[in-house]
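Structure assessment
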Amino acid sequence: MKTIIAIFAILFITTSCGIIGSLNSNTSIKPKESFVLGNNKHGSFKTHLKNEGVTILKVYQAPIDGGTHSPVLINPQESVTVKTEKNTALIIENTGGEYASVSLKVKGDLNLGMTYKN
């Protein structure tokens, strides 16, 4: 019985701390390039982004069947949270001439394709 309670407690703690069910990443993006998160069929997800670099990032959503919407500019050291709909990619574009660095914490559907594009 003590083993079952201990296992339940460990699962509860790790789940409530966000260790399970989230993706944490620090991503570098070349100048004038973009990082694409979720350019495939998937459910909705929420992303907390922090611009760790010195360039301005442009973040917007692109449904996989075409178009773009909801652009946001993120200044250096600024953070935002973006909720992305089902079957929609989140595009993080480095608008500057230096490497960009962004930290990401993603929750929701984590079956997301990830790629870079020029």
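Structural notes, computed from the coordinates.

The rules behind the values
- Residues numbered from 1 in each chain as written.
- Predicted model: local features only at pLDDT ≥ 70, side-chain atom pairs only at ≥ 80, totals over all residues.
- Heavy atoms only, no water.
- Pairing = 2+ DSSP bridges.
- Helix = DSSP H or I, 4+ residues; strand = E, 2+ residues; numbered from the N terminus.
- Axes fitted to C-alpha atoms, helices over the stretch in contact; angles between N-to-C directions.
- Contact = heavy atoms within 4.5 Å.
- Polar contact = N/O pair within 3.5 Å; in protein donor to acceptor, adjacent residues only side chain to side chain.
- Buried < 20%, exposed > 50% of the residue type's maximum accessible area, 1.4 Å probe, protein only.
- Patch = residues over 30% accessible without salt bridge, like charges linked within 9 Å, V, L, I, M, F, W, Y side chains within 5 Å.
- Areas by Shrake-Rupley, 256 points an atom, 1.4 Å probe, with all protein chains shown as cover.
- Salt bridge = Lys/Arg side-chain N within 4 Å of Asp/Glu carboxyl O.
- Lys, Arg positive; Asp, Glu negative; His and termini not counted.
- Charge placed at Lys NZ, Arg CZ, Asp CG, Glu CD.

Digging into the sheet that holds strand β8 (residues 100-108)
- The sheet built from four strands is open, its strands ordered β1-β8-β3-β6 with antiparallel pairing. Bordering the open sheet on either side are β1 (22-29) and β6 (79-84), each of which pairs with just one other strand. Neighbour-to-neighbour, the strand axes of this sheet turn through a mean angle of 20 degrees, independent of strand direction.
- Pairing of β1 with β8, which is carried by eight bridges, proceeds in the antiparallel orientation. Of the residues in β8, the one forming a bridge with Ser25 is Leu104.

Here we look at the environment of Asp109
- In this structure, Asp109 sits in the loop between β8 and β9 (114-117).
- Considering only alpha carbons, one finds Asp109 and Phe45, 64 residues apart in sequence, at a separation of 5.4 Å.
- Beyond its immediate stretch of four places on either side in the chain, Asp109 contacts His42, Gly43, Ser44 and Phe45.
- At 2.5 Å, the side chain of Asp109 forms a polar contact with the backbone nitrogen of Gly43.

Here we look at unusual backbone geometry
- Despite not being glycine, Lys32 has its phi angle at roughly 60 degrees, a positive value.
- With respect to the helices and strands, Lys32 occurs in the loop between β1 and β2 (34-37).
- Residue classification places Lys32 among the exposed residues on the basis of a relative accessible area of 57%.
- Positive phi is not limited to glycine here, since Asn87 has a value of about 55 degrees.

Some words on the sheet that holds β2
- Strand order in this open sheet of five strands is β5-β4-β7-β2-β9, and the pairing throughout is antiparallel. Whereas interior strands pair on both sides, the edge strands pair on one side only; in this sheet they are β5 (69-74) and β9. Pairs of neighbouring strands in the sheet enclose a mean axial angle of 20 degrees, with direction left out of account.

Some remarks on a positive patch on the surface
- A cluster of basic side chains, namely Lys46, Lys83, Lys105 and Lys107, defines a positive patch on the protein surface.
- Assignment of secondary structure puts Lys46 in strand β3 (residues 45-51).
- For Lys46, a relative accessible area of 45% translates into the label partly exposed.

Quick look at the pairing of β3
- Taking every second residue as pointing to the same face, the buried face of β3 carries Phe45, Thr47, Leu49 and Asn51, while none of Lys46, His48 and Lys50 on the other face is buried.
- Across six bridges, β3 lies against β6 in antiparallel orientation. Bridging from a neighbouring strand, His48 pairs with Thr81 of β6.

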